[in-house]
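Residue-level listing of the chains:
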Amino acid sequence: YVQDSSHLTDFNELYNIKLSKIKSVPVVVKEETSVYNAIVTLFLEDVGSLFVIDDDEALVGVISRKDLLKLTIGETDINQVPVSVVMTRMPNIITTRDNDTVFEAAEKLVNYEIDALPVVENLTDKAGVPLEDKLKVIGRVSKTNITRVFTDFGLEM
Ligand code: ADP
């Protein structure tokens, strides 16, 4: 039973925190990057997945730990194979925006069974007009970011 409902307002606040406030710096690689170098980047940057961009800086893919592991158990020469061969590709990438809430991001992570989401905005052409199908990666929200919202909130309670 709930005698005091004041904490519900607090949770409401927590759920509605904007991703712009909690996002991390994204770790990106070019599509020509070898699987070998992608694995090195995972270790150096201490992340579980990488976002893949093309020469125009547009998001083209996501590559996870298991995508990379899968390749290393075969006969493949991981120095020769680019990440573009194994990544999950646009338009199948689940994305978020700065203005989305912690709750919306958490829901996507759970429903799609993924560990991280790129935070994106539309790329613009030379005249500044947004390009509908070209996304620029401006952040990263992982399960860790969401968990940190809870611990920060707990410390304030
Ligand atoms: P892991 O594969 O290491 O457990 P994930 O659970 O994040 O890591 O990834 C599971 C699968 O979903 C992988 O094939 C990965 O490429 C893909 N994936 C990861 N993040 C996203 C995303 N934001 N949108 C679409 N697919 C994704």
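It should be emphasised that the depicted structure is a prediction, and the values quoted were computed from it without experimental measurement.

Q: Any chance you could explain the sheet that holds strand β1 (residues 28-30) here in plain terms?
A: Strand pairing in a sheet relies on backbone hydrogen bonds, with the paired strands running either antiparallel or parallel. Spatially, the 4 strands line up as an open sheet ordered β1-β2-β3-β4, and their pairing is mixed. Sheet topology places β1 and β4 (88-89) at the edges, where each strand pairs with a single neighbour. One ladder, built from 5 bridges, connects strand β2 (residues 49-53) with strand β3 (residues 59-64); its direction is antiparallel. Bridge pairing in β3 places Leu 50 opposite Ile 63. Its contacts with the sheet put helix α3 (residues 35-45) on β1, β2 and β3, and the angle it makes with β2 is roughly 130 degrees. Each of β2 and β3 touches helix α4 (residues 65-72); the most contacted strand, β3, lies at about 70 degrees to it.

Q: What should I look at first to understand the pairing of β2 in this one?
A: In regular strands, side chains alternate between the two faces of the sheet. Within β2, 5 of the 5 residues are buried, leaving the element largely enclosed by the surrounding structure. Handedness of the crossover is the feature at issue here: the chain leaves β1, passes through α3, returns alongside β2, and the resulting connection is right-handed.

Q: Sorry if this is basic, but what is going on with the packing of α3 against α4 here?
A: Two numbers describe a pair of packed helices, the interaxial angle and the distance between the axes. Between α3 and α4, whose axes approach to 11 Å, the crossing angle comes to 135 degrees. One element, α3, and the other, α4, form an angle in the oblique class. Note on packing geometry: the crossing formed by α3 with α4 is left-handed. Between α3 and α4, the residues in contact are Val 35, Ala 38, Ile 39 and Leu 42 and Arg 65, Leu 68 and Leu 71, respectively. Its residues assigned to classes, the contact of α3 with α4 comprises 6 nonpolar, no polar and 1 charged.

What counts, and at which threshold
- Residues numbered from 1 in each chain as written.
- Predicted model: local features only at pLDDT ≥ 70, side-chain atom pairs only at ≥ 80, totals over all residues.
- Pairing = 2+ DSSP bridges.
- Helix = DSSP H or I, 4+ residues; strand = E, 2+ residues; numbered from the N terminus.
- Contact = placed C-beta atoms within 7 Å.
- Axes fitted to C-alpha atoms, helices over the stretch in contact; angles between N-to-C directions.
- Buried ≥ 20, exposed ≤ 12 C-beta atoms within 10 Å, placed from the backbone.
- Right-handed = clockwise from strand over helix to strand, strands pointing away.
- Parallel < 35°, antiparallel > 145°, perpendicular 65-115°, else oblique.
- Left-handed = near helix turned anticlockwise from the far one by under 90°.
- Nonpolar A, V, L, I, M, F, W, Y, C, P; charged D, E, K, R; others polar.

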